[in-house]
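Each chain is listed here by its residues.
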Amino acid sequence: MNDQKTNQLKLEYLYSYKRSLELWPENTLSYYVNTTHGKTFILECGEKSNPPLVLLHGAKMSSTMWFPNVASWSKNYRVICIDILGDNNRSIMNRNFSDRASYAYWLLEILNEMQLKKINLIGLSYGALHTVNFISLVPDRVEKAVIMSPAATYIPFDNIFYTYAFDLVRSEEGVNRFFSWIFKDRYSVPTLIRSQMEAAMRLNESKTTSPNKEGFPYIFTDKELARIQAPILLMLGECEVMYDSKKAYSRALHSSPNITVEMVTGVGHIMSMENPEFINKRVLLYLDN
């Protein structure tokens with residue numbers, strides 16, 4: 001595909017991202033933070049004087065996926081949503097990651113640039129994997145962590161996951177099949193979010209570069225998990241389809257000294273969108289106590 005077409009698809013994606021922000025609070029800030037690996041795009045809500053709460057999104061979703069949650073959490077927290085470099089979003093990578101440690105130090109670099117000494121950290125799916133990776137390698141910068149439906153981390157994906165994941169990244173039709181798989185008939189994704197992901201897939205089709213291998217997905221060893229001292233709330237969905245959530249529950253239950261593991265009924269992988277009323281309240285209860 002020629003450069004002119006690719007540039008057009010980039011503009012279409014940026015427009016779709018902007019449209020998705022119509023679902024967000026009006027006072028949302030957006031800006032870039034420069035890092036060694038590239039320009040990292042940030043969405044921020046809440047008073048700067050409030051305690052910082054950093055959010056890491058699921059793969060291919062971007063920070064816009066937090067639209068049902070940020071209004072609630074930003075009442076008492078400075079909510080900072082980070083577009084993970086290398087994924088489909090507005091961050092701009094200029095240097096590849098070499099391993100899991102390089103991802104952790106990229107996030108540390110953002111915290112240092114923003115002068116955030118201590119944070120609360122929330123991640124879902126791919127973002128949850130990044131969260132566990134960060135607190136295992138940089139333990140002194142996180143007060144509490146919340147991880148929802150972590151990608152791998154405790155147990156491997158089922159083989160069927162790769163069928164839907166590869167389908168997702170190959171075409172915009174794969175977006176609809178992916179959502180139908182993980183949500184069934186429990187939840188309908190807003191048109192603006194769906195359109196953004198479809199625009200991302202059209203842009204993906206125009207790229208010729210091969211994906212970077214940086215150590216993800218990853219299953220943490222018993223020893224690695226046992227060393228994590230930060231308080232963790234792990235929430236798994238009863239209707240999870242990417243792996244057996246009961247097996248993940250069993251392995252995680254006593255994996256770290258300060259972990260709380262809960263099975264959330266009636267939801268699947270992206271529980272923050274499926275049941276935001278419950279998730280918003282549960283997260284605040286955990287962080288505030």
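Quick summary incoming for the structure in this document.

How each quantity is defined
- Residues numbered from 1 in each chain as written.
- Predicted model: local features only at pLDDT ≥ 70, side-chain atom pairs only at ≥ 80, totals over all residues.
- Heavy atoms only, no water.
- Helix = DSSP H or I, 4+ residues; strand = E, 2+ residues; numbered from the N terminus.
- Rg over C-alpha atoms; globule rule 2.2 N^0.38 Å.
- Buried < 20%, exposed > 50% of the residue type's maximum accessible area, 1.4 Å probe, protein only.
- Areas by Shrake-Rupley, 256 points an atom, 1.4 Å probe, with all protein chains shown as cover.
- Phe/Tyr/Trp six-rings, centres within 6.5 Å; stacked < 30°, edge-to-face > 60°.
- Lys NZ or Arg CZ within 6 Å of the ring centre and 35° of its normal.
- Pairing = 2+ DSSP bridges.
- Salt bridge = Lys/Arg side-chain N within 4 Å of Asp/Glu carboxyl O.
- Disulfide = S-S within 2.5 Å.

1. Some words on the overall build of the protein chain
From N to C terminus, the protein chain includes eleven helices and nine strands. Against the 2.2 N^0.38 benchmark of 19 Å for 289 residues, the protein chain shows a C-alpha radius of gyration of 18 Å, consistent with a compact globule. Referenced to the eigenvectors of the C-alpha coordinate spread, the extents of the protein chain come out at roughly 55 × 40 × 35 Å. Residue burial in the protein chain is summarised as follows: out of 289 residues, 55% are buried. Accessible surface for the protein chain amounts to roughly 13000 Å². Of this, 50% is attributable to carbon and sulfur atoms.

2. Brief notes about the packing of aromatic side chains
Applying the stated criterion across every chain, the model contains 20 aromatic pairs. With a centroid separation of 6.2 Å and an interplanar angle of 70°, the aromatic rings of tyrosine 13 and tyrosine 17 are classed as edge-to-face. Taken as a pair, tyrosine 13 and tyrosine 17 lie in helix H1 (residues 3-20) at a separation of four residues, close to a single helical turn. Its relative accessible area of 0% is what places tyrosine 17 among the buried residues. Taking the centre distance of 6.0 Å and the plane angle of 50° together, the rings of tryptophan 66 and tryptophan 73 count as tilted. When sorted by exposure, tryptophan 66 lands in the same class as tryptophan 73, which is buried. An aromatic cluster is built from Tyr164, Phe178, Phe179, Trp181, Phe183 and Tyr187, whose rings are joined through pairwise contacts. For arginine 90, the ring lying beneath its charged end belongs to phenylalanine 41, and the centroid distance is 4.3 Å.

3. A closer look at the pairing of strand S4 (residues 78-82)
Extensive coverage of S4 is indicated by the burial of five of its five residues. In this sheet, S4 lies alongside strand S3 (residues 52-56) in parallel orientation, the contact comprising five bridges. Residue pairing for S4: proline 52 is matched across the bridge by arginine 78.

4. Comments concerning the pattern of salt bridges
The tally for this structure, following the rule as stated, stands at eleven salt bridges. Of the charged contacts in the structure, one is a salt bridge between arginine 19 and glutamate 22, with a shortest N-O distance of 2.5 Å. What you see here is one network of salt bridges that share partners, running through Glu44, Lys48 and Arg78.

5. Thoughts on the state of the cysteines
Two cysteines whose sulfur atoms are joined by a covalent bond form what is called a disulfide. Taken as a whole and judged by the stated rule, the model has zero disulfides. As a non-bridged cysteine, cysteine 81 has cysteine 45 as the owner of its nearest cysteine sulfur, 6.2 Å distant. On the basis of relative accessibility, which here comes to 1%, the residue cysteine 81 falls in the buried class.

6. Quick word on unusual backbone geometry
Trans is the common state for peptide bonds, and a negative phi is the common state for residues other than glycine. The backbone phi angle of glutamine 115 is positive, close to 55°, even though this residue is not glycine. Assignment of secondary structure puts glutamine 115 in the loop between helix H3 (100-113) and strand S6 (119-124). The phi dihedral of serine 125 falls on the positive side, at around 60°, and the residue is not glycine. Considering the arrangement of structural elements, one finds serine 125 in the loop between S6 and helix H4 (126-137). For serine 125, a relative accessible area of 9% translates into the label buried.

7. A closer look at the environment of arginine 170
On the secondary structure map, arginine 170 appears in helix H5 (residues 159-170). A residue is classified by how much of its surface remains accessible, and arginine 170, at 51% relative accessible area, is exposed. Remark: the alpha-carbon pair of arginine 170 and asparagine 204, spanning 34 residues in sequence, is separated by 7.3 Å.

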